[in-house]
Amino acid sequence: MKKRISIAIFLSVWGLYGCYTPLNNSGVATTKKWLEVSAKKTDFDGKQYDSCYQFKLRFWPPQAAERIDLEEACISACCWRSDKETVVLNFNKNTARGSGAEDSYEYSPDKITLTVRHVPLLNTTRVKVSPAGAVTSDGLVKLSYRVAKNSARTAAEDVFSLDKQAQTAQTKADETTAQAATTRTVLPSAPALEAHNLNAAARLVRRVAGQQIDEHFYRMNKNYVKQGTVFVLGERTFWPEPDGGNLYTVSCTASVRTGADAAHLHEMNFPCGQWRTDVSAQSVFPLDKFAETIWEGE
């Protein structure tokens, strides 16, 4: 009878913590395959009172990892539970939006909290994720994001806004010809119109082909991870050039840091295709073979 009660209590406790992965090198089981316990401290009775844990996480988009200190977040190095039981991944804390910077990403969820606990009865270390479901079972932190324009770029684009120029010209005309029967409308200058179209072409490629470009780098990141190499994607840059009439050629490049580990990364520029845009028709199509591969998801 006592044996049956003991088994029932054990199963009840076990049910609270779910299944666990095989034992780590330290001989401690975990409730998540992406939680690794590399070392532990025990007392004279052999009971664990501390352990060094590490989160084996991946990020999408990969550049989200640049917003956090990987060592401080117990991702590139293990942390002792006695020093830190809770880790907060704050993805929007270090958003840099300088006067000349590219548009920045704002990620959601804004923060992910990871809380580590050890269950002596089961010799199992567990991690609680908040918000729930923010990390997949295989350790992928998948974030949604939106592009947040910095004030300098927004102001620059406003200069080339046809509506704004027309409104400004109309106001000036009204002030100088208040007694006139008709008002003359000043059209935007040719350089201002060209600058507006160049910006519009770059934004058009980002909007129409941006998802396919991101998915291309997501597949590339997976291949690097399989090879045991770190791959951190930075900002994508779009370079527009006039191609006659309303047509523009937009070249895409991406800043990537890669290396054997997080402490030894080298920065490189990766191409992400050339794209033909028609600003008037609001159309985009791949111009070179590389862009075609990205567009078709290969």
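The structure we're discussing is the one just above.
Computed from a prediction, not measured in an experiment: that's the story for all the values here. Throughout, residues of each chain are indexed from 1 in the direction in which the sequence is written. Only residues with pLDDT of at least 70 get local features here, since the model is predicted, and only at 80 or more are side-chain atom pairs given and counted; chain-wide, interface and lining totals rely on the full set of residues. Derived side-chain values reflect all non-hydrogen atoms in the structure, with water molecules and hydrogen atoms excluded from consideration.

### Some remarks on the overall build of the protein chain
The secondary structure listing takes helices from DSSP runs of H or I that are at least 4 residues long and strands from runs of E that are at least 2 residues long, numbered from the N terminus. The helix and strand inventory of the protein chain stands at five helices and 15 strands. Buried residues in the protein chain amount to 37% of all 298 residues. Here, two residues are considered to be in contact whenever any of their heavy atoms come within 4.5 Å of each other. Restricting the contact set of the protein chain to residue pairs at least 6 apart, pairs at least 24 apart contribute 55%. Residue burial considers only the protein chains on display, and all accessible areas are found by Shrake-Rupley using a 1.4 Å probe. Counting every atom, the protein chain has about 17,000 Å² of accessible surface; 52% of that belongs to carbon and sulfur. Whether a residue is buried, partly exposed or exposed follows from its accessible area with a 1.4 Å probe, protein chains only, as a fraction of its type maximum: under 20%, in between, or over 50%, in that order.

### So, the pattern of salt bridges
Note that side chains of opposite charge can pair when their charged atoms are close. By convention in these notes, a salt bridge is any Lys or Arg side-chain nitrogen within 4 Å of a carboxyl oxygen on Asp or Glu. Inspection of every chain in the model, using the stated rule, returns seven salt bridges. The salt bridge involving Lys 289 is made with Glu 292; its shortest N-O contact spans 3.8 Å. Residue Lys 289 and its partner Glu 292 are both found in helix α5 (residues 289-295); the two are separated by three residues, about one turn of the helix. Its relative accessible area of 66% is what places Lys 289 among the exposed residues. You can call Glu 292 partly exposed: its relative accessible area is 29%.

### Structural notes on the pairing of strand β14 (residues 265-278)
Pairing of strand β13 (residues 247-259) with β14, which is carried by twelve bridges, proceeds in the antiparallel orientation. The residue of β14 that forms the bridge with Val 256 is Met 268. Relative to strand β15 (residues 283-286), β14 runs antiparallel, the two sharing four bridges. When the bridges of β15 are listed, Arg 276 appears paired with Phe 285. Any two strands with at least two DSSP bridges between them are considered paired. Counted along the chain from β14 to the antiparallel partner β15, the turn is four residues long, and its residue Gln 282 has a positive phi close to 55 degrees.

### As for the sheet that holds strand β12 (residues 230-242)
Taken together, four strands build an open sheet; the order of strands is β12-β13-β14-β15 and the sheet is antiparallel. Whereas interior strands pair on both sides, the edge strands pair on one side only; in this sheet they are β12 and β15. Ignoring strand direction, the axes of neighbouring strands in this sheet form an average angle of 30 degrees. Pairing geometry for β12 and β13, over eleven bridges, is antiparallel. Within β13, the residue paired with Thr 237 across the bridge is Thr 253. To define axes, lines are fitted to C-alpha atoms, for helices over the stretch in contact only, and angles between the resulting N-to-C directions are given on a 0 to 180 degree scale.

### Looking at the nonpolar core
Counting 27 residues, the largest nonpolar core has Phe 55, Leu 57, Phe 59, Leu 89, Phe 91, Ile 112 and Leu 114 as the members making the most contacts within it. Every element with two or more residues in this core is listed here: β3 (48-55), β6 (86-90), β7 (104-108), β8 (111-119) and β9 (124-130). A per-element tally of this core places β8 first, with three residues. In this view, Ile 112 contacts Val 87, Val 88, Leu 89, Phe 91, Val 129, Ser 130, Pro 131, Ala 134, Val 141 and Leu 143; residues no more than four positions away in its chain are not counted. Take the buried Ala, Val, Leu, Ile, Met, Phe, Trp, Tyr and Cys residues and link them wherever side-chain atoms come within 4.5 Å; each set so joined is a nonpolar core. In terms of nonpolar packing, the next biggest core, distinct from the first, is built from 24 residues, Phe 238, Tyr 248, Val 250 and Trp 275 among them.

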